[in-house]
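# Architecture and fold: a report
The residues making up each chain are set out below.
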Amino acid sequence: RSLFFIMVDVVKYIIFGRDHPIKHKTLLIRDAWFASPFSDLLPQGCERAHFRVVVPKTPQHLSQPVDGLDWSGKLVINFAATGDQGYTLRQRWYAHPLAAQHGVASLLPVQSYYGKRKPTALAASQSHRSVQQGVAMGFASVEEGCALLRWLLGDKEVGGVGLQGKVCVSGVSLGGCVAVMLSGVSR
């Protein structure tokens, strides 16, 4: 298969974990993953595309558990910068203030070769060993972003979230590059 012609129509299965115990009473934080559309081109350990969602709690969230992403407001997909191994920086600098002060949810994907998605063969300080792996990481990030966008923008009747006109993409450094490429290929 050619690297340039793999496109994903829909994220079919997104597995949500349990809510995180947090100190905020105003935010709901959920971790989730789906099978990367690039999984056959990524090493073992990178196949699952992990992400975290930070959502302002509404009265309905306070009274009942949320299954999946129960959100109808604005949402930002914030891609990780070079070397960002998890969620902490983006959550603290972007997601919490956006949710708490502006009522905007955030989705924070983890790049392949980083954090939870680091192959066991790589040393702790390495993200990838070769240019080929770096290119695969970039393509995987864009394809996973396309899949997430289709899920977020898709109609609820077909398993989407239904956020047409309410989603934007952002990022700094590598994340900014992924956001720009995603905005170009997702039209």
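Every value quoted in this text rests on a predicted model; they were computed, and no experiment measured them.

### Looking at the overall build of the chain
What the chain contains, in helices and strands, is 4 helices and 6 strands. Helices and strands appear in the chain in the N-to-C order β-β-β-α-β-α-β-α-β-α. Counting over 187 residues, the chain shows a buried share of 45%. Across the chain, every contact between residues at least 6 apart in sequence was considered, and the portion connecting residues at least 24 apart equals 66%.

### Looking at the nonpolar core
Core analysis: the largest hydrophobic core is formed by 42 residues, its most contacted members being Phe51, Leu75, Leu107 and Leu152. Secondary-structure elements contributing two or more residues to this core are strand S2 (27–35), strand S3 (48–56), strand S4 (75–79), helix H2 (88–102), strand S5 (105–109), helix H3 (131–153) and helix H4 (174–185). Ranked by residues supplied to this core, first place goes to H3 with 10 residues.

### Details of the side chain of Arg90
Within the element layout of this structure, Arg90 appears in helix H2. Arg90 gets classed as buried once you look at its relative accessible area, which sits at 3%. Only 2.9 Å separates the side chain of Arg90 from the backbone oxygen of Gly86, close enough to count as a polar contact. Filtering out sequence-adjacent residues up to four positions away, Arg90 remains in contact with Asn78, Phe79, Ala80, Asp84, Ala95, Leu108 and Pro109.

### So, H2
Taking 1.5 Å of rise per residue, the 15 residues of H2 would be expected to cover 21 Å, and the 20 Å separating its terminal C-alpha atoms lies within 8% of that figure. Largest kink in H2: about 35 degrees, centred on Ala95, with the proline Pro97 one to four residues after it. Restricting attention to buried positions, one finds in H2 the residues Arg90, Gln91, Ala95, His96 and Ala99. Looking at the buried positions of H2, the neighbouring elements they touch are S2, S3, S4 and S5. Just downstream of H2 lies Gly103, where phi reads positive at about 70 degrees.

### Section: the confidence of the model for the chain
Mean pLDDT over the chain: 79, with 74% of residues reaching 70 or higher. Across residues 1–10 the pLDDT falls below 50, and counting only partners more than four positions away or on other chains, this stretch makes 20 contacts in the model. Counting contacts from residues 62–66, a segment whose pLDDT is below 50, to residues more than four positions away or on other chains yields 5 contacts.

### Concerning the environment of Cys168
Relative to the helices and strands, Cys168 resides in strand S6 (residues 167–171). What makes Cys168 partly exposed here is its relative accessible area of 38%. The contact partners of Cys168, leaving out residues within four places of it in the chain, are Leu75, Val76 and Ile77.

Here is what the cut-offs are and how they apply
Residues numbered from 1 in each chain as written. Predicted model: local features only at pLDDT ≥ 70, side-chain atom pairs only at ≥ 80, totals over all residues. Heavy atoms only, no water. Helix = DSSP H or I, 4+ residues; strand = E, 2+ residues; numbered from the N terminus. Buried < 20%, exposed > 50% of the residue type's maximum accessible area, 1.4 Å probe, protein only. Contact = heavy atoms within 4.5 Å. Core = buried A, V, L, I, M, F, W, Y, C linked by side-chain atoms within 4.5 Å. Polar contact = N/O pair within 3.5 Å; in protein donor to acceptor, adjacent residues only side chain to side chain. Expected span 1.5 Å × (residues − 1). Bend = angle between axes of the 7 residues up to and from the residue. pLDDT = per-residue confidence, 0-100.

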